[in-house]
Amino acid sequence: MNNEIVILSQFLENLGPEVSGHSSSPLTPEEVERIQLFAAGKLTPAEREELLPRILENERAIHELVQTLEAQV
């Protein structure tokens, strides 16, 4: 899972300014929790596969994921 997080982190860093074109809908507490579980590697592969597209569609979700990953370092 650590390798997946590194790959995802590198991918998100490469998105740069393009992210601003994505939705920036507010996140529910449940969505924040799922993102934190995702970052901690506590989701099943199927749950990760379901969540990742939703993260990538929302600027705030991307920001939450990056913040969570940075806090783990």
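Look a little higher up for the structure.
These figures come from a predicted structure and were not determined experimentally. (Residues numbered from 1 in each chain as written. Predicted model: local features only at pLDDT ≥ 70, side-chain atom pairs only at ≥ 80, totals over all residues. Heavy atoms only, no water.)

Structural notes on the side chain of Glu 64
Looking at the secondary structure, you find Glu 64 in helix 4 (residues 59-72). It is Arg 60 that comes nearest to the buried, bridge-free Glu 64 among opposite-charge side chains, at 9.8 Å. Residues in contact with Glu 64, not counting those within four places in the same chain, are Leu 27, Val 32, Ile 35 and Gln 36. (Helix = DSSP H or I, 4+ residues; strand = E, 2+ residues; numbered from the N terminus. Buried < 20%, exposed > 50% of the residue type's maximum accessible area, 1.4 Å probe, protein only. Lys, Arg positive; Asp, Glu negative; His and termini not counted. Salt bridge = Lys/Arg side-chain N within 4 Å of Asp/Glu carboxyl O. Contact = heavy atoms within 4.5 Å.)

Quick notes on helix 4
Counted at 1.5 Å a residue, the expected span for helix 4 with its 14 residues is 20 Å, and the 20 Å between its end C-alpha atoms agrees. Along helix 4, the residues classified as buried are Ala 61, Ile 62, Glu 64, Leu 65, Thr 68 and Leu 69. What you see down the axis of helix 4 is that its buried residues fit within an arc of 160 degrees, all on one side. Every exposed residue of helix 4 that faces more than 90 degrees away from the buried side is listed here: Glu 70 and Ala 71. You can read the cap of helix 4 off the contacts: a side-chain oxygen lies 2.8 Å from the backbone nitrogen of Arg 60, and it is on Asn 58. (Expected span 1.5 Å × (residues − 1). Arc of directions from axis to C-beta. Polar contact = N/O pair within 3.5 Å; in protein donor to acceptor, adjacent residues only side chain to side chain.)

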